[in-house]
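# A closer look at the structure
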Amino acid sequence: QQQVKQSPQSLIVQKGGISIINCAYENTAFDYFPWYQQFPGKGPALLIAIRPDVSEKKEGRFTISFNKSAKQFSLHIMDSQPGDSATYFCAASMKGGSSYKLIFGSGTRLLVRP
Amino acid sequence: GAGVSQSPSNKVTEKGKDVELRCDPISGHTALYWYRQSLGQGLEFLIYFQGNSAPDKSGLPSDRFSAERTGGSVSTLTIQRTQQEDSAVYLCASSRTGANTGELFFGEGSRLTVL
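Only a predicted model underlies this, so the values are computations on that prediction, with no experimental measurement involved. (Residues numbered from 1 in each chain as written. Chains lettered and ligands numbered in written order. Predicted model: local features only at pLDDT ≥ 70, side-chain atom pairs only at ≥ 80, totals over all residues. Heavy atoms only, no water.)

### Looking at the overall build of chain A
Looking only at helices and strands, chain A has zero helices and eleven strands in total. In terms of overall dimensions, chain A is globule-like: its C-alpha atoms have a radius of gyration of 14 Å, near the 13 Å expected for 114 residues. Its C-alpha atoms give chain A principal-axis dimensions of about 45 × 30 × 20 Å. Out of the 114 residues belonging to chain A, those deemed buried represent 47%. Sequence-distant contacts in chain A: of pairs separated by 6 or more residues, those separated by 24 or more amount to 55%. About 5500 Å² of surface is accessible on chain A, with carbon and sulfur atoms providing 50% of the total. On chain A, the mean spot of the 13 positive side-chain charges and the mean spot of the 7 negative ones are 6 Å from each other. (Helix = DSSP H or I, 4+ residues; strand = E, 2+ residues; numbered from the N terminus. Rg over C-alpha atoms; globule rule 2.2 N^0.38 Å. Buried < 20%, exposed > 50% of the residue type's maximum accessible area, 1.4 Å probe, protein only. Contact = heavy atoms within 4.5 Å. Areas by Shrake-Rupley, 256 points an atom, 1.4 Å probe, with all protein chains shown as cover. Lys, Arg positive; Asp, Glu negative; His and termini not counted. Charge placed at Lys NZ, Arg CZ, Asp CG, Glu CD.)

Printed below as a string of structure tokens:
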């Protein structure tokens, strides 16, 4: 119930293509869904986040799509660039007593080929 | 510096030895977290501090693991009698307000290798 399931485990995309990473959750108490980006040797950094009151959020080439009824959310990277090659983690946090905690997915390693 | 600082960046130790990992959070951040990242795995929650107290230690894998935070700032994660399965990157993060209302800022991690 506390898990966030992420797929695919790895993804290879050509430069200019669209990268899509999917996540699913069970616990309806989750109400905050960030995506973190991690480059090799670095800590994860916040990329973009969404709350369930909207179905989509866009920041530059990065878009989160959120389907509350299906309990799924996804990250779309438009016009993917080699500099986007990194590991991406979806995450979820719940309201209430456990609101301090961020539960992470297992990560997707993205490689964008030139 | 302005970011979360962790030390050592790399630690190689022998099985059975104790290790201490240090985290210096961003000044003014009251929330501090430790996560563990094993090779090819996601981030596993270990412990959460609010100020100097740890209201959630539920992720600590065994009683060989302990953590403390002093002065509402620096935190130390201690692993006693290390085992090979403890090999991982240990990440520290801090936040001004907590995960649900704000961003977690991560350090670069301490890579622990237990031989």
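### Some words on the interface of chain A and chain B
Chain A puts 21 residues into the contact, and the matching count from chain B is 21 residues. Interface area for chain A against chain B, summed over the two sides, is near 1700 Å², with a carbon-plus-sulfur share of 51%. If you sort the residues of chain A by the area they bury against chain B, A:P44, A:Y100 and A:F104 come out on top, with a joint share of 32%. Along the contact surface separating chain A from chain B lie two salt bridges. One salt bridge connects B:D56 with A:K101, and the closest N-O pair in it is separated by 3.2 Å. The interface formed by chain A and chain B includes seven residue pairs in polar contact (both at pLDDT 80 or more). Breaking the side of chain A that touches chain B down by element, the ones donating at least two residues are β4 (30–38) and β9 (86–94) of chain A. Here the side of chain A that touches chain B gets four residues from one element, more than from any other, and that element is β4(A). (Buried area = accessible area lost by both parts, 1.4 Å probe. Salt bridge = Lys/Arg side-chain N within 4 Å of Asp/Glu carboxyl O. Polar contact = N/O pair within 3.5 Å; in protein donor to acceptor, adjacent residues only side chain to side chain.)

### Quick word on unusual backbone geometry
For the bond running from A:S7 to A:P8, omega is -5°, close enough to zero to count as cis. Among the secondary structure elements, A:P8 is positioned in the loop between β1 (4–7) and β2 (10–14). In the segment running from B:S7 into B:P8, the intervening peptide bond is cis, with an omega of -10°. Along the chain, the position of B:P8 falls in the loop between β1 (5–7) and β2 (10–13). Phi at A:D79 takes a positive value of approximately 45°, unusual for a residue other than glycine.

### As for the sheet that holds strand β8 (residues 75–79) of chain B
All names here are of chain B. Ordered by their spatial adjacency, four strands build an open sheet running β1-β3-β8-β7, and the pairing between neighbours is antiparallel. The sheet terminates laterally at β1 and β7 (65–69), the two strands that pair on one side only. When the angles between neighbouring strand axes are averaged without regard to direction, this sheet yields 15°. Taken together, the five bridges between strand β3 (residues 19–24) and β8 define a ladder with antiparallel strand orientation. For E20, the partnering residue across the bridge sits in β8 and is T78. (Pairing = 2+ DSSP bridges. Axes fitted to C-alpha atoms, helices over the stretch in contact; angles between N-to-C directions.)

### Brief notes about the confidence of the model for chain A
Of the residues in chain A, 99% reach a pLDDT of 70 or more, and the chain-wide mean stands at 94. Here strand β10 (residues 103–104) of chain A stands out as the element of chain A with the lowest mean pLDDT, 93, in contrast to strand β8 (residues 72–77) of chain A, whose mean of 98 is the highest. (pLDDT = per-residue confidence, 0-100.)

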